[in-house]
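Letter by letter, the chains look like this.
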Amino acid sequence: MLRQSGVCAIEYRYMVGVYPSGSKKLLALITCESSYFLELGDPGKFALEVFLPEGHHTLDVATEYGPWNVFLKKAVTVIESLLADSQSPTA
């Protein structure tokens, strides 16, 4: 998937969506992405991103997220953390 944003093209290499059971409302989207500017500054690296209803966050930038199985393991860890946080009494 490629999204054009002015001069910067963002390539979403992988995406994992989190939906409540039986719902079409997205709770979170975890992505592995690259962009023109990321390639200029950090060639060969990918940004691990999380999109939540309250905003978008870059979690990490590293070469290790390129292979799908490494990204998927990290995405599962992020999802587990998000679910644990949503179960906490202060969430």
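All residue numbers refer to positions counted from 1 along the written sequence of the respective chain. Where local features are concerned, this predicted model is filtered to residues with pLDDT of at least 70; where side-chain atom pairs are given and counted, the filter is 80 or more; whole-chain, interface and lining totals use all residues. Derived side-chain values reflect all non-hydrogen atoms in the structure, with water molecules and hydrogen atoms excluded from consideration.

**Q** What exactly am I supposed to notice about the pairing of strand β5 (residues 55-62) here?
**A** Regular strands place their side chains on alternate faces of the sheet. Here, strands pair whenever DSSP counts at least two bridges between them. In DSSP terms, a helix is any run of H or I states spanning at least four residues, a strand is any run of E spanning at least two, and both are numbered starting from the N terminus. By the bridge criterion, seven bridges tie strand β4 (residues 46-52) to β5 in an arrangement that is antiparallel. Its bridge partner being in β5, F46 is matched across the sheet by A62. Taken together, β4 and the strand that follows it, β5, pair antiparallel across an intervening segment of two residues.

**Q** Honestly, helix α2 (residues 68-87) in this entry has me stumped. Any pointers?
**A** Note that an α-helix has 3.6 residues per turn; residues three or four places apart therefore point the same way. One less than the residue count of a helix, multiplied by 1.5 Å, gives the span that helix is expected to have. Between its first and last C-alpha atoms α2 spans 28 Å; for 20 residues at 1.5 Å apiece the expected length is 28 Å, and the two agree. Burial here depends on accessible area, computed with a 1.4 Å probe over protein chains only, as a share of the maximum for the residue type. Under 20% is buried, over 50% is exposed, and the range in between is partly exposed. What α2 keeps buried is the set F71, A75, V78 and I79. Burial along α2 is one-sided: seen end-on, the buried residues are contained in an arc of 100°. Pointing more than 90 degrees away from the buried face of α2 are the exposed residues K73, E80 and Q87. In this description, the arc belongs to the directions extending from the helix axis to the C-beta atoms.

**Q** Before we go on, may I ask you to explain the confidence of the model for the chain in this structure?
**A** Values of pLDDT, the confidence the predictor places in each residue, fall between 0 and 100. Across the chain, the average pLDDT comes to 87, with 87% of residues at 70 or higher. Mean pLDDT values for the elements of the chain range from 52 in strand β1 (residues 2-5) up to 96 in β4.

**Q** What's the story with the layout of surface pockets in this structure? I'm lost.
**A** Regions of empty space are outlined by a rolling probe, equal in size to a water molecule, passed over the atoms. Detection works on a 1 Å grid of protein atoms alone, calling trapped sets that fit a 1.4 Å probe cavities and calling open sets with protein on both sides within 12 Å along at least five of seven lines pockets, with lining residues defined by an atom within 4 Å of a point. Grid points are joined across faces, edges and corners, and a volume is the space filled by probe spheres set on the points. The space that makes up the largest pocket amounts to roughly 180 Å³. Surrounding the largest pocket, twelve residues form its lining, L27, L52, L82, L83 and S86 being those nearest its centre. The greatest single-element share of the lining of the largest pocket, amounting to five residues, is contributed by α2. For this classification, the nonpolar set comprises Ala, Val, Leu, Ile, Met, Phe, Trp, Tyr, Cys and Pro, the charged set comprises Asp, Glu, Lys and Arg, and every other residue, Gly included, is treated as polar. Class assignment of the residues belonging to the lining of the largest pocket gives a composition of nine nonpolar, one polar and two charged.

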